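# Per-entry structural report
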Amino acid sequence: MTTSSETPVSTAVSPEAVPNGSQLSLPVSAADGLVQKPFALPLDTSKPETPAPLTADQQAKYDTVLRAVSQWTTVPTTAAKNAAVEPITDDERLFLTRECLLRYLRATKWNVPEAIGRLQRTLTWRREYGVAKLTEDYISVENETGKQVILGYDIHARPCLYLLPSNQNTEKSDRQIEHLVYMLERVIDIMGPDQETLALIVNYNETKSGQNASVGQAKQTLNFLQNHYPERLGRALVINMPFMVMGFFKLITPFIDPHTRQKLKFNEDLCQHVPSGQLMKSMGGDVEFRYDHSIYWPAMTAMADQKRQAYRERWVQNGKHIGEYENYLKTGEGPRVAAGEESTA
């Protein structure tokens, strides 16, 4: 263990070294050596923000949404009018956690009908887009140069997703957008207890014009982020923005909702947001990170797979409840849905 005055000495922890649900308190840092795998945990000093307790009115609205979605037996297969429906799957029921329902309520300013409608549209989008079919093998080619990296945690224990456009290695295609969806899903897998959001770090250093997303891609990305990943962005940190990118952001700003816009920070000192012991040296931190696809990709996907499997196993063991508590699913501890609670909420 280190004290605050000592140099951190532990390197990135491999996923196989961390038992399912384990909450090790070791400071995970690698300021003294080369890092090529994700960090398993945030620093002890990085703590999630404590959410405000629900008011009586908010609890009543949550209960209404829970009753509604608990009655779903089918989900539309596409967003088309009068689309065919198919039975709701276990994976879709698992998606509908207590915190998920609350995220949609917050995103709709506690409008119950709109929250219910958006939840169903998201399940339909996940089916139509094929989120479950985005495998590590299919996406692998997009990340061979490390243009997206999950590494470290910010001061509020949010996992950090780096976007590095200068490492672009493929032509513009649907798979580039699918790549981001895949990485968002892995960030969510990796989130620790009491954490629902991520920190997005975008570094435009040495980025050429042809390596930037098109306006069409940006609008498509904003659409699925705002509609199908609401309340997931905790902070977006954008650095080294050239003039052409500033113009690009001006073009897409009208499509960004005001709440999300407040989370965008441009050209700030990243050490104000991410501990230097978990921030890449190229971004101003102490972590000597080098991307090697043959090392990083299997380590990252294995860590996410392990956490996702443990999460699902706990859901099954406790009765497959809609409205289950995410902290219980992540750790096996804390409040959980009791038998019969889901249907009587």
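Residues numbered from 1 in each chain as written. Predicted model: local features only at pLDDT ≥ 70, side-chain atom pairs only at ≥ 80, totals over all residues. Heavy atoms only, no water.

If you check an unreviewed UniProt entry, the chain appears there as CRAL/TRIO domain protein from Aspergillus candidus.

Along the backbone of the chain there are 12 helices and 9 strands. Pairs at least 24 apart in sequence give 73% of the contacts found in the chain among residues at least 6 apart. Of the roughly 16,400 Å² that the chain leaves accessible, carbon and sulfur atoms contribute 52%. (Helix = DSSP H or I, 4+ residues; strand = E, 2+ residues; numbered from the N terminus. Contact = heavy atoms within 4.5 Å. Areas by Shrake-Rupley, 256 points an atom, 1.4 Å probe, with all protein chains shown as cover.)

Further remarks concern the nonpolar core. Leu-151, Leu-161, Tyr-162 and Phe-289 are the most contacted members of the largest nonpolar core, which totals 53 residues. Going through the elements one at a time, strand S4 (148-153), strand S5 (159-163), helix H6 (174-190), strand S6 (198-203), strand S7 (233-239) and helix H10 (293-317) are the ones with two or more residues in this core. No other element matches H6, which puts 8 residues into this core. In contact with Leu-151, other than residues within four places in its own chain, are Val-35, Lys-37, Pro-38, Phe-39, Cys-160, Tyr-162, Gln-278, Met-280, Val-287 and Phe-289. Core analysis: the next-biggest nonpolar cluster, separate from the first, contains 20 residues, Trp-72, Leu-101, Tyr-104 and Ile-322 among them. (Core = buried A, V, L, I, M, F, W, Y, C linked by side-chain atoms within 4.5 Å. Buried < 20%, exposed > 50% of the residue type's maximum accessible area, 1.4 Å probe, protein only.)

A word on the side chain of His-228. In this fold, His-228 is placed in helix H7 (residues 215-228). Residue class for His-228 comes out buried when judged on its relative accessible area of 10%. Here Thr-122 takes part through its side chain, which lies 2.9 Å from a polar atom of the side chain of His-228. (Polar contact = N/O pair within 3.5 Å; in protein donor to acceptor, adjacent residues only side chain to side chain.)

Here the focus is the packing of H6 against H10. For the pair H6 and H10, interaxial distance at closest approach is 8 Å and the crossing angle is 55°. The orientation of H6 relative to H10 falls into the category oblique. H10 is crossed by H6, and the crossing has left-handed handedness. Residues Tyr-182, Met-183, Arg-186, Asp-189 and Ile-190 of H6 pack against Trp-297, Met-300, Thr-301, Met-303, Ala-304, Lys-307 and Arg-308 of H10. (Axes fitted to C-alpha atoms, helices over the stretch in contact; angles between N-to-C directions. Parallel < 35°, antiparallel > 145°, perpendicular 65-115°, else oblique. Left-handed = near helix turned anticlockwise from the far one by under 90°.)

Here we come to the pattern of salt bridges. Considering all chains together, one arrives at 19 salt bridges under this definition. Here Arg-158 makes a salt bridge to Asp-154, at a shortest N to O gap of 2.7 Å. Asp-154 matches Arg-158 in its accessibility class, with the two residues each being buried. Asp-189 serves as the salt-bridge partner of Arg-186, at 2.9 Å between the closest nitrogen and oxygen. With Arg-186 and Asp-189 both in helix H6 and 3 residues apart, this pair spans about one turn of that helix. Residues joined by salt bridges that share partners form a network here, namely Arg-103, Arg-106, Glu-196, Glu-231 and Glu-326. (Salt bridge = Lys/Arg side-chain N within 4 Å of Asp/Glu carboxyl O.)

Under the criterion given, the structure shown has 8 aromatic pairs. Aromatic side chains Trp-125 and Tyr-129 sit 5.0 Å apart centroid to centroid with 20° between the ring planes, which places their arrangement in the stacked category. Residue Trp-125 and its partner Tyr-129 are located together in helix H4 (residues 112-129), separated by 4 residues, close to a single helical turn. Three or more aromatic residues link up through ring pairs in this structure, and these residues are Trp-125, Tyr-129, Phe-224 and Tyr-229. Seen from the ring of Tyr-62, Arg-98 lies directly overhead, with NZ or CZ sitting 5.9 Å from the centre. Above the face of the Tyr-182 ring, Arg-186 is positioned so that its terminal group lies 4.6 Å from the ring centre. (Phe/Tyr/Trp six-rings, centres within 6.5 Å; stacked < 30°, edge-to-face > 60°. Lys NZ or Arg CZ within 6 Å of the ring centre and 35° of its normal.)

On to helix H1 (residues 56-70), then. Counted at 1.5 Å a residue, the expected span for H1 with its 15 residues is 21 Å, and the 21 Å between its end C-alpha atoms agrees. Along H1, the residues that are buried comprise Gln-58, Tyr-62, Val-65, Leu-66, Val-69 and Ser-70. Considered in projection along H1, the buried side chains sweep an arc of 125° and stay on one side of the axis. (Expected span 1.5 Å × (residues − 1). Arc of directions from axis to C-beta.)

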